[in-house]
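# Breakdown of the fold
If you want the building blocks of each chain, they are given just below.
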Amino acid sequence: MIICSCNVISDTAIRDIVTTADITFGSPAQVYDCLGCSVQCGLCSRSVKRILDERTGETASAAVWPVQTETAPCALMSAA
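Residues numbered from 1 in each chain as written. Predicted model: local features only at pLDDT ≥ 70, side-chain atom pairs only at ≥ 80, totals over all residues. Heavy atoms only, no water.

For the protein, the helix and strand inventory stands at four helices and two strands. Counting all 80 residues of the protein, 36% fall into the buried class. In the protein, 49% of the contacts between residues at least 6 apart in sequence involve partners at least 24 apart. Approximately 4800 Å² of the protein is accessible, and the part contributed by carbon and sulfur atoms is 53%. (Helix = DSSP H or I, 4+ residues; strand = E, 2+ residues; numbered from the N terminus. Buried < 20%, exposed > 50% of the residue type's maximum accessible area, 1.4 Å probe, protein only. Contact = heavy atoms within 4.5 Å. Areas by Shrake-Rupley, 256 points an atom, 1.4 Å probe, with all protein chains shown as cover.)

Here it is in structure tokens:
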């Protein structure tokens, strides 16, 4: 299912990066960075957060995460 219409990203692509990366994502913006794009309108951030919460075993909150630019964890992975 398409989660982000702006970047045409599926839930499968998001789950794949979240489960295969050796890092803990702090926000949806960091997930997008690892996928080679950035958050555009932000409507998908709640769905991306839910996927992140699934990974950590937390219950997704109703709040939408901020979508501002953050440190790119995938850039750290490639440097290691």
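Before going further, it helps to examine the pattern of salt bridges. A full pass over the atoms with the stated rule returns three salt bridges. Of the charged contacts, one joins E54 and R15 as a salt bridge, the two residues approaching to 3.1 Å between their closest N and O atoms. Separated by 39 residues along the polypeptide, E54 in helix 3 (residues 45–56) and R15 in helix 1 (residues 11–20) bring together distant segments of the chain. With a relative accessible area of 48%, E54 lands in the partly exposed category. In this structure, K49 engages D53 in a salt bridge whose closest nitrogen and oxygen atoms are separated by 2.8 Å. Highlighted residues: K49 and D53, both in helix 3, separated by four residues, approximately one helical turn. (Salt bridge = Lys/Arg side-chain N within 4 Å of Asp/Glu carboxyl O.)

Moving on, we get to the environment of A21. Tracing the backbone shows A21 in the loop between helix 1 and helix 2 (28–34). Looking at A21, the relative accessible area reads 7%, which means it is buried. Linking A21 and C34, residues 13 residues apart in sequence, is a C-alpha distance of 9.1 Å.

A separate point is helix 3. Taking 1.5 Å per residue, 12 residues should reach 16 Å; helix 3 reaches 16 Å between its end C-alpha atoms and fits that length. Of the positions making up helix 3, those classed as buried are S45, V48, K49, I51, L52 and D53. Where helix 3 is buried, its residues meet strand 1 (2–4), helix 1 and helix 2. Once helix 3 ends, the next one or two residues include G57, with phi positive near 80°. (Expected span 1.5 Å × (residues − 1).)

Attention shifts here to unusual backbone geometry. For V8, which is not a glycine, the phi torsion comes out positive at approximately 50°. Take V8: it is sitting in the loop between strand 1 and strand 2 (9–10).

Our focus in this paragraph is the environment of S5. Looking at where S5 falls in the secondary structure, it is placed in the loop between strand 1 and strand 2. For the pair S5 and C41, spaced 36 residues apart in sequence, the C-alpha separation works out to 9.4 Å.

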